[in-house]
Amino acid sequence: DPEDLLTTGVEIYAQPPGEFDRYDLASFRRLLATVIEDPGDGLLIAPVHPDELAPALAALGERVPYVFFDASVPGTKPRVEIGQDAFSGGILAARMLNLFARGEGPLVAINAHAGDRHIGRRIEGFVFHCTGLPERPPVLVRECFGIEVPELCDAFMEALFRSDPLPRGIVVANASGH
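Since the structure is predicted, the reported quantities are computational estimates derived from the model, not experimental observations. (Residues numbered from 1 in each chain as written. Predicted model: local features only at pLDDT ≥ 70, side-chain atom pairs only at ≥ 80, totals over all residues. Heavy atoms only, no water.)

(A) Structural view of the pairing of strand β4 (residues 107–111). When you tally the buried positions in β4, you get five out of five residues, the bulk of the element. In β4, alternate side chains face the same way, and those of L107, A109 and N111 on one face and V108 and I110 on the other are all buried. Summarising the sheet, β4 and strand β5 (residues 139–143) pair through five bridges and their orientation is parallel. Its bridge partner being in β5, N111 is matched across the sheet by E143. After leaving β4, the chain enters helix α5 (residues 117–131) and then returns to the sheet as β5, a path that is right-handed. Bridge count between β4 and strand β6 (residues 169–173): five bridges; the pairing is parallel. (Buried < 20%, exposed > 50% of the residue type's maximum accessible area, 1.4 Å probe, protein only. Helix = DSSP H or I, 4+ residues; strand = E, 2+ residues; numbered from the N terminus. Pairing = 2+ DSSP bridges. Right-handed = clockwise from strand over helix to strand, strands pointing away.)

So, in structure tokens, the structure goes:
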């Protein structure tokens with residue numbers, strides 16, 4: 001409970017909902033500028049847009065400790081990383097999909113989030129496993145940023161299902177399940 005920390009003198013600033021749109025790079029840059037200006041005593045970060053985040057953290061130097069959760073960013077030095085093995089998650093997704101996928105079409109991995117390293121690693125694990133299968137099925141990686149928007153998703157899926165040959169299996173690598 002965050003209120004328990006108040007008795008220890010810890011102040012908590014959480015990014016309020018609506019002030020940062022993960023799909024709007026300008027929004028993320030404004031957030032980074034605010035954090036660099038007043039970073040507090042430490043940062044707990046769910047890293048998105050690693051190409052933007054890494055230089056911002058470098059600008060803070062070692063004066064502000066930070067912790068990553070859910071993903072890592074190459075070239076940074078967090079005190080701790082609390083995360084997942086996204087590459088292995090992609091391998092697991094490929095194994096499970098391959099158990100049920102039938103037909104001659106390709107296996108498709110859909111990246112639903114630009115700039116998320118753990119999503120990219122999940123897709124890398126998926127492709128790695130599929131290319132090592134004895135039958136070597138064709139593997140396609142497609143991007144559908146904004147998959148949560150029904151019109152965008154519908155148009156993307158219609159185009160995908162008009163393709164020749166039809167996919168025999170699809171995995172969507174996203175962070176939208178929560």
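(B) Just the packing of helix α4 (residues 86–100) against α5, in detail. One can describe the packing of α4 onto α5 by two numbers: an axis separation of 6 Å at closest approach and a directional angle of 45°. Taken together, the axes of α4 and α5 are oblique relative to one another. Between α4 and α5 the crossing geometry is right-handed. Touching A86, F87, G89, G90, I91, A93, A94, R95 and L97 of α4 are H118, R121, R122, E124, G125, F126, F128, H129 and C130, all from α5. Here the residues of the contact of α4 with α5 are counted per class, giving nine nonpolar, five polar and four charged. (Axes fitted to C-alpha atoms, helices over the stretch in contact; angles between N-to-C directions. Parallel < 35°, antiparallel > 145°, perpendicular 65-115°, else oblique. Left-handed = near helix turned anticlockwise from the far one by under 90°. Contact = heavy atoms within 4.5 Å. Nonpolar A, V, L, I, M, F, W, Y, C, P; charged D, E, K, R; others polar.)

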